[in-house]
Amino acid sequence: MQTIKLNLVPGDIREIVRSSQYDVGRTFRCELFDGSSSYKLDGTETITIEGQKSDNHIFLYNVTNTSSTYVDVTTTEQMTALAGYVDCELRIKKGGVDIGTANFWLEVEKAATENGTLSDSDISALREVEDSANAAATTATG
């Protein structure tokens, strides 16, 4: 699991979380800081991850409050739908306070098959068809 250091003070050096296009369920950890000190959640905060993809569509998902100095974020289909850099931040809400962390990048690596064309001679698919035909023939004669 990748871990990044995420400051509650905006303007810090931007961290990068790496993922592949269409990753669903990839978890990364955000260690929380307030300046140079660790920041501990008390368990009463509401935490979200918010982001904007290269097509200008945004997402917003709840993040489980760990009551600790970190949170774990798990990617969704929409977070990784487009290859490229997704501008993200965590928002922490408690009472009337609503603050955003320093922004970070979710770098989405292009899927190896994106915009490709399936080969006309897909051997594994051919083998599956042959295996099915052989199984049917065995059942019919058995």
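Rules used in this analysis
- Residues numbered from 1 in each chain as written.
- Predicted model: local features only at pLDDT ≥ 70, side-chain atom pairs only at ≥ 80, totals over all residues.
- Heavy atoms only, no water.
- Helix = DSSP H or I, 4+ residues; strand = E, 2+ residues; numbered from the N terminus.
- Buried < 20%, exposed > 50% of the residue type's maximum accessible area, 1.4 Å probe, protein only.
- Contact = heavy atoms within 4.5 Å.
- Core = buried A, V, L, I, M, F, W, Y, C linked by side-chain atoms within 4.5 Å.
- Phe/Tyr/Trp six-rings, centres within 6.5 Å; stacked < 30°, edge-to-face > 60°.
- Lys NZ or Arg CZ within 6 Å of the ring centre and 35° of its normal.

Section: the overall build of the chain
Next up, step 1: Each helix and strand in the chain was counted, giving one helix and 10 strands.
Next up, step 2: Going from the N terminus to the C terminus, the chain shows its helices and strands as β-β-β-β-β-β-β-β-β-β-α.
Next up, step 3: Scored against the burial criterion, the 142 residues of the chain give a buried share of 30%.
Next up, step 4: Looking at the chain alone, contacts between residues at least 24 apart form 68% of all its contacts between residues at least 6 apart.

Considerations on the nonpolar core
Next up, step 1: Ranked by internal contacts, the top residues of the largest apolar core, which has 22 residues, are C30, I49, V71, V73, L90 and F104.
Next up, step 2: Of all elements in the fold, only β1 (2-7), β3 (27-34), β5 (46-52), β6 (58-63), β7 (70-74), β8 (84-94) and β10 (104-109) reach the threshold of two or more residues within this core.
Next up, step 3: For this core, the leading source of residues is β8, giving four residues.
Next up, step 4: Each residue touching V71, except ones within four places of it in the same chain, is listed here: F28, R29, C30, L32, L41, I47, V63, T64, T66 and L90.

Observations concerning the side chain of S68
Next up, step 1: As for its position among the elements, S68 is in the loop between β6 and β7.
Next up, step 2: With a relative accessible area of 19%, S68 lands in the buried category.
Next up, step 3: Excluding residues that lie within four positions of it along the chain, S68 makes contacts with Y39, K40 and L41.

Some details on the packing of aromatic side chains
Ring pairs (aromatic) are described by centroid distance and by the angle formed between their planes.
Next up, step 1: All chains considered together, the criterion is met by three aromatic pairs.
Next up, step 2: Aromatic side chains Y85 and W105 sit 5.4 Å apart centroid to centroid with 70 degrees between the ring planes, which places their arrangement in the edge-to-face category. Of this pair, Y85 sits in strand β8 while W105 is found in strand β10, placing the two residues 20 residues apart along the sequence.
Next up, step 3: For R14, the ring lying beneath its charged end belongs to W105, and the centroid distance is 4.2 Å.
Next up, step 4: Note that R29 overlies the ring of Y70, its terminal NZ or CZ placed 3.9 Å from the centroid.

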